[in-house]
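So you can see what is in the structure, the chains are spelled out below.
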Amino acid sequence: ENADTNNPTIFDKIISKEIPSTIVYEDDKVLAFRDINPQAPVHVLVIPKFRDGLTQLSKAEERHNEILGQLLYVARIVAEKEGILKNGYRVVVNDGVDGCQSVYHLHLHVLGGRQMKWPPG
Ligand code: 5GP
């Protein structure tokens, strides 16, 4: 319903802690928390604290390069903390309608703890 807009999303309230979440990692720029509807034994969302136009990956601009790199590195930190570094894991970004994106604040899904299938549905 808030597709492709700059409206606030539920993730703003998770960042401000108005809405509780189980935080796995936090620094000044990045927050990682457990997905409320996990699709795997490990399912963590990694988001920028400052959306700065990154409603979705397809809106990325060159000025976002640093935060984009940080998000991927935090995905790796999360995988290590969650004990899935050795067996492997999946990092997913759903973009837009065809990508089944539902929250328009860029987020990486870190999924693991079971054998993934490919291709996804
Ligand atoms: P998307 O479908 O946009 O790629 O992923 C959005 C994800 O956010 C979904 O997996 C959904 O379960 C998760 N989500 C939506 N609302 C909340 C919430 O209030 N708390 C948490 N922890 N996750 C949420």
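A quick note: this is a predicted structure, and the numbers were derived from the prediction, not measured.

Caption draft 1: Structural view of the pattern of salt bridges. As enumerated under the stated definition, the model contains six salt bridges in all. The salt bridge involving Glu26 is made with Lys49; its shortest N-O contact spans 2.8 Å. Here Glu26 is found in strand 1 (residues 23-26), whereas its partner Lys49 is found in the loop between strand 3 (42-48) and helix 2 (65-81), with 23 residues between them in sequence. Accessibility expressed as a relative area gives 35% for Glu26, which makes it partly exposed. Among the ionic pairs, Glu80 bridges to Arg76, the shortest N-O distance being 2.9 Å. Of this pair, Glu80 and Arg76 both sit in helix 2, four residues apart, which is roughly one turn of the helix. By relative accessible area, which is 46% here, Glu80 ends up partly exposed. By relative accessible area, Arg76 is classed as partly exposed at 32%. One network of salt bridges, in which partners are shared, links Lys17, Glu26 and Lys49.

Caption draft 2: How the structure looks around the site of the ligand. Among the 16 residues in the neighbourhood of the ligand, the closest are listed as Arg34, Asp35, Asn94, Ser102 and His109. Here an oxygen atom of the ligand sits 2.9 Å away from a polar atom, N or O, in the main chain of Val103. Take His107: an N or O atom from its side chain is 2.9 Å from an oxygen atom of the ligand. Breaking the shell around the ligand down by element, the ones donating at least two residues are helix 1 (10-15) and strand 2 (30-34). Here the shell around the ligand is composed, by residue class, of eight nonpolar, six polar and two charged.

Parameters and conventions
Residues numbered from 1 in each chain as written. Predicted model: local features only at pLDDT ≥ 70, side-chain atom pairs only at ≥ 80, totals over all residues. Heavy atoms only, no water. Salt bridge = Lys/Arg side-chain N within 4 Å of Asp/Glu carboxyl O. Helix = DSSP H or I, 4+ residues; strand = E, 2+ residues; numbered from the N terminus. Buried < 20%, exposed > 50% of the residue type's maximum accessible area, 1.4 Å probe, protein only. Near = heavy atom within 4 Å. Polar contact = N/O pair within 3.5 Å; in protein donor to acceptor, adjacent residues only side chain to side chain. Nonpolar A, V, L, I, M, F, W, Y, C, P; charged D, E, K, R; others polar.

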